[in-house]
Amino acid sequence: MKKTLLSAAIGAAVLGFASAASAATLDDVKAKGFVTCGVSAGIPGFSNPDDKGEWTGLDVDYCRGIAAAVFGDAKKAKFVPLSSKDRFPALQSGEVDVLTRNTTWTISRDTSLGFNFRTVNYYDGQGFIVKKSLNVKSALELSGAAVCVQTGTTTELNLADYFKSNNLQYNPVVFEKEADATTAYDSGRCDVYTTDQSGLYAIRLKMKTPDENVVLPEVISKEPLGPAVRQGDDKWFDVVSWVHYAMVNAEEYDLTSKNVDEKKASGGPDIKRLLGAEEGSKIGTDLGVTNDWAYNIIKLVGNYGEVFDRNVGAGSPLKIERGLNALWNKGGLQYAPPIR
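Worth saying up front: this structure is predicted, and the values here are computed from it rather than measured.

A short note on the overall build of the protein chain
In terms of regular secondary structure, the protein chain is built from 15 helices and 13 strands. In terms of its C-alpha atoms, the protein chain occupies a principal-axis envelope of roughly 65 × 45 × 40 Å. A separation threshold of at least 6 residues defines the contact pool for the protein chain, and within that pool the share at least 24 residues apart is 72%.

A look at unusual backbone geometry
Only a minority of non-glycine residues have a phi that is not negative, and only a minority of peptide bonds are not trans. Despite not being glycine, Asn135 has its phi angle at roughly 60°, a positive value. You can see Asn135 is positioned in the loop between β8 (126-131) and β9 (145-150). Classification of Asn135 by relative accessible area gives exposed; the value is 53%. Positive phi outside glycine occurs at Asn167, with the angle close to 55°. Examined against the element boundaries, Asn167 turns out to sit in the loop between α7 (154-165) and β10 (170-175). In this structure Asn167 comes out as exposed when scored by relative accessible area, which is 68%.

Details of empty space enclosed by the protein
Take a probe with the size of a water molecule and roll it over the atoms, and the empty space left behind shows itself. This structure, assessed with the given rule, holds two cavities of 30 Å³ or more. Of the voids in this model, the largest cavity is the one considered here, and its volume is about 50 Å³. Lining the largest cavity we find Leu58, Asp61, Tyr62, Asn121, His244, Met247, Tyr304 and Val307. Residue assignment for the lining of the largest cavity shows that the elements contributing at least two residues are α4 (58-71), α10 (234-252) and α15 (304-311). Sorting elements by how many residues they give to the lining of the largest cavity places α4 first, with three residues.

Here we look at the packing of α4 against helix α14 (residues 293-300)
Where α4 meets α14, the axes come as close as 7 Å, and the angle between the chain directions of the two elements is 140°. One element, α4, and the other, α14, form an angle in the oblique class. You can see that α4 and α14 cross each other, and the crossing is right-handed. The residues of α14 that touch α4, namely those facing Gly65, Ala68 and Ala69, are Trp293, Asn296, Ile297 and Leu300. Per-class residue counts for the contact of α4 with α14 are five nonpolar, two polar and no charged.

Cut-off values and rules
Residues numbered from 1 in each chain as written. Predicted model: local features only at pLDDT ≥ 70, side-chain atom pairs only at ≥ 80, totals over all residues. Heavy atoms only, no water. Helix = DSSP H or I, 4+ residues; strand = E, 2+ residues; numbered from the N terminus. Contact = heavy atoms within 4.5 Å. Buried < 20%, exposed > 50% of the residue type's maximum accessible area, 1.4 Å probe, protein only. 1 Å grid on protein atoms, 1.4 Å probe; cavity = no way out; pocket = protein on both sides within 12 Å on 5 of 7 lines; lining within 4 Å. Points joined across faces, edges and corners; volume = space filled by probe spheres on them. Axes fitted to C-alpha atoms, helices over the stretch in contact; angles between N-to-C directions. Parallel < 35°, antiparallel > 145°, perpendicular 65-115°, else oblique. Left-handed = near helix turned anticlockwise from the far one by under 90°. Nonpolar A, V, L, I, M, F, W, Y, C, P; charged D, E, K, R; others polar.

Put into structure tokens, the structure is as follows:
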């Protein structure tokens, strides 16, 4: 979610890292028997270990969807918690196979850092959280406020741009680590904390008195979050991308983890094709997996709506509305190419 601005030196090292990372990631993943996903160090709803060390979250389920597609087993996924600073070198070096770590898709990451993005599994935007006791209803009322922010991120740059463009003054209180910034806000060292809105709802759950904090309505940036892979590996890029598209198509077809077996036997041509039940279909094998790859994703992980609901939506503590993340035919932006 944090968007660390790496130095030019790290960007220039991409070619060196690329030589260390195989250009046949799908083959490597199959050989080792599991997929390694870089995730955040702990954001409720997105990637967070529970008391037993079991990972849960929207990004975690994306990784499990990849495992289901490749192996027919959603448990064949390994999660590596990464800070904003460490996530890009970890992907470049091959320490992880894919970043499923609420990372914003930007042109610099698509080019100078040597990554590929295609799908957006969560449309987000930067916002603000304040104490209810301040009686602030809008970010435009924050002139003169002390704002906690993580340094070295585009979050910090968005903050500066927003206040400058609205002729507002503020006092930045900067921290290298997100946990330090949120702790400082919770203890009263600053009036406001800013990050992506989804993160604000998650962070609020961890505060001493969550109900005494309110997320303001303004969204000051575009933050399309999604998985990233290394450039030069189209086969792996396709697999990672079509995992998301399969989940979105499944929701559109009303295919769920509970009814997928029934629909596999009785569904129409589009459903049978998606589930690998169409006679003569080679869609899965052309992708580099088995023809029941999408069936395995839906059966073992769920469609996009199921994943959203249990992790960040109505069925979760966060209670975030679908909004932009609703399907395209229900007022949102989630749209998947046809599987045919």
